[in-house]
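Residue strings, one per chain:
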Amino acid sequence: MKKTKSLSLATAAAAALMMSADASAAYTMSKKIGDVDTKLDIYGFAQLEARGGDGVIADNQDASVKFGAQRVRLGWNYTAGKVRGKVFLDFNQDASINAVNGDVGMPKMVKDAFVSYVQDDALVLKVGLIKMPHGMSFTIPGWNLDIVERGFDKALAMERNMGIMLSGRDMFFGNNGKVNGFEMGHERPWKGFGYDIMIGNQAARSGAVTNAKPGDANSYVGRLMFDWTELLHTEVSYAVSEKAGGIEGHKQADGTLVTADTEDYKSLNFGVDSHFLDGANVKVEYYDSKNIKGVKGWDETTMALTGTYAINEYVEPSFKHIQGTSEKGGVETKLGNTYVGVNLYISPFDNKMDRGSKRKRNAHRMMFDYVIASGDTDGAKVWNGLKGYKDDAWIFQYQYKF
């Protein structure tokens, strides 16, 4: 009886979704509860991949191609008046909480889980698991990237965290865009200033923080943005995660104890994004990060340049170069990763090339990138920074999104 009832409810829900679907967006259900209009959006995407090259296949592996998925996600957004709620899951991530490092208080499978209250464009309050507002490319959605992945500078971002955040967008130059309370970065073109201020647990999901556990310490981020339509977006953020290598007496992953409080991880990020011509996009991003994983003097800087140009609605060549410098234990090393590729839009909804239309076009896309590694990739002195390809690689990805 219970099984039959559950099947009937699922069938009814599926029918409602199909009847209210927009082919270029999420599936939506709407309902009026009392005097309040409510809406539930259900959406998801998958990125299925083939990777190869010496930068991917290890020396002790025999495969010529490695198959996998980068992201397999399903989410839902709820709106009721000024209240918002979001849950976003990744089925390609661990569903358990790391018992040693504690993560940030939720399993890695949960990417976003927050509630927000939209007072107005200048004041939005979020509480829960949120993308920390540090790193321009990191706060661009994973399905809306210009190349197949963010690159090794993403390890310097603060990543997602449990905490509380105040935000504002589209300020001082009139109401030029819709602020819906789900914003993570610069989703839409506005005119004017924006800001984010967040406090959370230690940034345990960041590649620059380790041995972190909720309650041990906190992290803080402040970001200021300025937008002028699609022509220009600029942002600067500063982030701190206290005791980024753990606190005294805390057990590490190998079972030993941290013998003394470690240093605070500190990171400055600056980014510029410009759609200066129809079909063209250029991004520049810079990180200056100190005391990686709480190690005093382990510092890393990166500069990334990204460019795309859509020849038509189907074909878009892409390019990204990330140049990093890392100093650890008094030894300075350098690494460069250059992505050269092409994005193929299989079933575009239109031939418009503005930012919003491109987000819709990304719903059905194939991407191919060849990665060229340069710098200290082998020999007596090898790259001692976070992540990055130390040998050439290639990546093919098919993405679909609804």
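Residues numbered from 1 in each chain as written. Predicted model: local features only at pLDDT ≥ 70, side-chain atom pairs only at ≥ 80, totals over all residues. Heavy atoms only, no water.

Draft legend 1. View of the overall build of the protein. Scanning the protein from N- to C-terminus turns up two helices and 17 strands. In summary, the protein has a C-alpha radius of gyration of 22 Å against a globular reference of 21 Å for 402 residues, a match within 12%. Each principal axis of the C-alpha atoms in the protein carries an extent, and together these give about 65 × 55 × 50 Å. Relative to its full complement of 402 residues, the protein shows a buried share of 48%. Within the protein, counting contacts between residues at least 6 apart in sequence, those at least 24 apart form 61% of the total. Total accessible area on the protein stands at roughly 18,300 Å², and carbon and sulfur atoms take up 60% of it. (Helix = DSSP H or I, 4+ residues; strand = E, 2+ residues; numbered from the N terminus. Rg over C-alpha atoms; globule rule 2.2 N^0.38 Å. Buried < 20%, exposed > 50% of the residue type's maximum accessible area, 1.4 Å probe, protein only. Contact = heavy atoms within 4.5 Å. Areas by Shrake-Rupley, 256 points an atom, 1.4 Å probe, with all protein chains shown as cover.)

Draft legend 2. Looking closely at the side chain of T28. Relative to the helices and strands, T28 is located in strand β1 (residues 27-33). At 2.6 Å, the side chain of T28 and the side chain of D41 are in polar contact. (Polar contact = N/O pair within 3.5 Å; in protein donor to acceptor, adjacent residues only side chain to side chain.)

Draft legend 3. Layout of the confidence of the model for the protein. When pLDDT is averaged along the protein, the result is 89, and 93% of the positions lie at 70 or above. Per-residue pLDDT stays below 50 along residues 1-24; that stretch engages in twelve contacts with residues further than four places along the chain or on separate chains. (pLDDT = per-residue confidence, 0-100.)

Draft legend 4. Up close: a negative patch on the surface. Where like charges cluster on the molecular surface, the negative patch consists of D54, D59, D378 and D391. Within the secondary structure, D378 is located in the loop between β16 (364-375) and β17 (393-401). Of the residues examined, D378 reaches a relative accessible area of 58% and is grouped as exposed. (Patch = residues over 30% accessible without salt bridge, like charges linked within 9 Å, V, L, I, M, F, W, Y side chains within 5 Å. Salt bridge = Lys/Arg side-chain N within 4 Å of Asp/Glu carboxyl O. Lys, Arg positive; Asp, Glu negative; His and termini not counted. Charge placed at Lys NZ, Arg CZ, Asp CG, Glu CD.)

Draft legend 5. Up close: the pattern of salt bridges. Evaluation of the coordinates by the stated rule reveals 16 salt bridges. Where D37 meets K32, a salt bridge forms, and the shortest distance between an N and an O atom there is 3.2 Å. You can call D37 exposed: its relative accessible area is 55%. Beyond isolated ion pairs, a larger network of salt bridges with shared partners links R169, D196, R223 and E235.

Draft legend 6. Region of the structure containing the packing of aromatic side chains. Tallied over the full model, the rule gives eleven aromatic pairs. Ring centres 4.9 Å apart and planes at 55° place the aromatic pair F193 and F226 in the tilted group. A residue pair is termed long-range when its members are at least 10 positions apart, and F193 in strand β8 (residues 191-201) and F226 in strand β9 (residues 218-228) qualify at 33 residues. Every member of this aromatic cluster is reached through a ring pair, and the members are F172, F173, F193, F226 and W228. The lysine or arginine in question, K131, covers the ring of F138, its NZ or CZ lying 4.9 Å from the ring centre. Directly above the aromatic system of W143 lies the positively charged group of K401, at a separation of 4.4 Å from the ring centroid. (Phe/Tyr/Trp six-rings, centres within 6.5 Å; stacked < 30°, edge-to-face > 60°. Lys NZ or Arg CZ within 6 Å of the ring centre and 35° of its normal.)

Draft legend 7. A nonpolar patch on the surface, seen in detail. Side chains of F172, F173, F193, L224, W228, L231, V236, Y238, L268, F270, F276 and L277 sit close together on the surface and give an oily, nonpolar patch of about 1,100 Å² of accessible area. Secondary-structure elements contributing two or more residues to the nonpolar patch are β9, β10 (232-241) and β11 (265-277). In terms of residue count, the dominant contributor to the nonpolar patch is β11 (four residues). Looking at where W228 falls in the secondary structure, it is placed in strand β9. The partly exposed category is assigned to W228, whose relative accessible area is 33%.

Draft legend 8. Just the side chain of H134, in detail. Among the secondary structure elements, H134 is positioned in the loop between β6 (123-131) and β7 (160-172). Side chain to side chain, H134 and S237 meet in a polar contact 2.9 Å long.

Draft legend 9. Local environment of unusual backbone geometry. Despite not being glycine, E159 shows a phi value in the positive range, around 65°. Considering the arrangement of structural elements, one finds E159 in the loop between β6 and β7. Judged by its relative accessible area of 8%, E159 falls in the buried class. If you check the backbone angles, T229 has positive phi at about 55° while not being a glycine. Within the fold, T229 resides in the loop between β9 and β10. Look at T229 and you get partly exposed, because its relative accessible area is 30%.

Draft legend 10. Seen up close, the pairing of strand β12 (residues 280-290). Where β11 lies against β12, ten bridges are found, and the strand directions are antiparallel. Within β12, the position partnered with L277 by the bridge is A280. (Pairing = 2+ DSSP bridges.)

Draft legend 11. View of the environment of L257. With respect to the helices, strands and loops of the structure, L257 is situated in the loop between β10 and β11. Note on L257: relative accessible area 48%, which makes it partly exposed. If sequence neighbours within four positions are ignored, L257 has contacts with G249, H250, K251 and Q252.

Draft legend 12. Expanded view of the environment of D90. Of note, D90 is situated in strand β4 (residues 83-90). Counting along the chain gives 19 residues from D90 to R71, while the straight-line C-alpha distance between them is 6.5 Å. Excluding residues within four positions of it along the chain, D90 makes contact with Q70, R71, V72, R73, M109 and K111. Engagement of the side chain of D90 in a polar contact is seen with the backbone nitrogen of N92, the distance being 2.8 Å.

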